[in-house]
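Structural description and commentary
Listed below are the residues making up each chain.
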Amino acid sequence: MEKKTNLIKFISCAVLLLIAYLPTINWMVGRWNAEDSYYSHGFLIPLISIFLAWQRKDKIKDVLIKSDARGLWLIIAGLLVHIACAALRVGFLSGFSLIFVIYGLVLFFFGVEMARLMRFPIFFLLTMVPLPLVLVSNLTVKLKLFAAQCATFILNHIGFPSVRDGSMIRMPNSVILVEAPCSGLRSLISLLTLGLLFAYMLKASFIKKGILLLSAIPLAVATNMLRIIMLGTVNDLYGEKAAFGFFHDFSGFLVFALAFAGMLWMYKILENR
C-alpha cells in the first residue's frame, strides 16, 4: 500500500516538474529535430530508459520502500540550477539538472535501494541532452580537420596524390570538401551512446566496461575517415555526381554499420576473456 501511495505522489510531483521543465524539453526537442542534428537519437533515449527500468520489474517488487531526505536536497539543488539556467538561457545545464531531479525524486519517495536499482536507466537519459552549440562547433572543426589530414595521408599512399587545404582535399581530377556533417561527430556521439549500453550489458569488470566504451572513439574516427577516402576516390574516378548522389548516403550507412559491427566484436572479445 505504501509503495502504491508513494508511486502516486511520485507521478504527481514528476508531472509538476516536467511542466516546470517544459522550456528545456522544448529546447531539447528542437535540437533533436534540427537539420543535420547530432542528436536525432534523442527521441529514442527515454524509451530505452523505460525499457531498461521495466527489465528490472521483478527486483522492483522486492525493494524495501524507505524515503531518503537526501533526495529532497537533490531536487532543490536541481531546481535552483534550472531556475538560474532559465534566466541565463543555458539549456545544456538545465537538461542535466532535470536528470538529477528525476533521480532525486526516486531517492526521496522510494529510498536508496530503488535509486540504486534505477541508477543506470535514469542517468542514461543524460545522453539525450545536447551539448552546447559552441562546444559542438569547436569539436566539429577539430574533427573535420583531423579527418581531412588523415584521409589525405592515406589517399597519397594508395595512389591518389592529394593536398589538404584546410578541410578541403585537392586531388588530380577533383576537390572534396570535408564539411560539418562529415566531421564524424554525429557518429562519435551515437557510438558513445551505444557503447554505454553495451558496457552496461557487459558482464565484466569496470575496466573492461571502460575499454568497451572508449573503443567507440577510434571506431567512429576510423570509419568516418574511411568514408571520406571512399568519397574522395569515387569523386576522383567517376565524378561528383557519382560520389555525392546515392553513394554519399549509402556510404554513411555502411560505415556506421561497420562501426556497430566493431562494437559488437569488441563486446564479444571482452565478454569471453
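Owing to the predicted nature of the structure, the values given are computational and were not obtained by experimental measurement.

This paragraph deals with the packing of aromatic side chains. A full pass over the atoms with the stated rule returns 13 aromatic pairs. Ring centres 4.7 Å apart and planes at 45° place the aromatic pair F92 and F96 in the tilted group. Here F92 and its partner F96 are both found in helix α6 (residues 91-110), 4 residues apart, which amounts to about one turn of the helix. In this structure F96 comes out as partly exposed when scored by relative accessible area, which is 26%.

This next bit is on the pattern of salt bridges. Inspection of the entire model under this criterion finds 2 salt bridges. Between R70 and D68 there is a salt bridge; the shortest N-O distance is 2.7 Å. R70 sits in the exposed class, given a relative accessible area of 53%. Between D165 and R170 there is a salt bridge, with the nearest N and O atoms lying 3.5 Å from each other. By relative accessible area, which is 45% here, D165 ends up partly exposed. For R170, a relative accessible area of 41% corresponds to the partly exposed category.

The rules behind each value
- Residues numbered from 1 in each chain as written.
- Predicted model: local features only at pLDDT ≥ 70, side-chain atom pairs only at ≥ 80, totals over all residues.
- Heavy atoms only, no water.
- Phe/Tyr/Trp six-rings, centres within 6.5 Å; stacked < 30°, edge-to-face > 60°.
- Helix = DSSP H or I, 4+ residues; strand = E, 2+ residues; numbered from the N terminus.
- Buried < 20%, exposed > 50% of the residue type's maximum accessible area, 1.4 Å probe, protein only.
- Salt bridge = Lys/Arg side-chain N within 4 Å of Asp/Glu carboxyl O.

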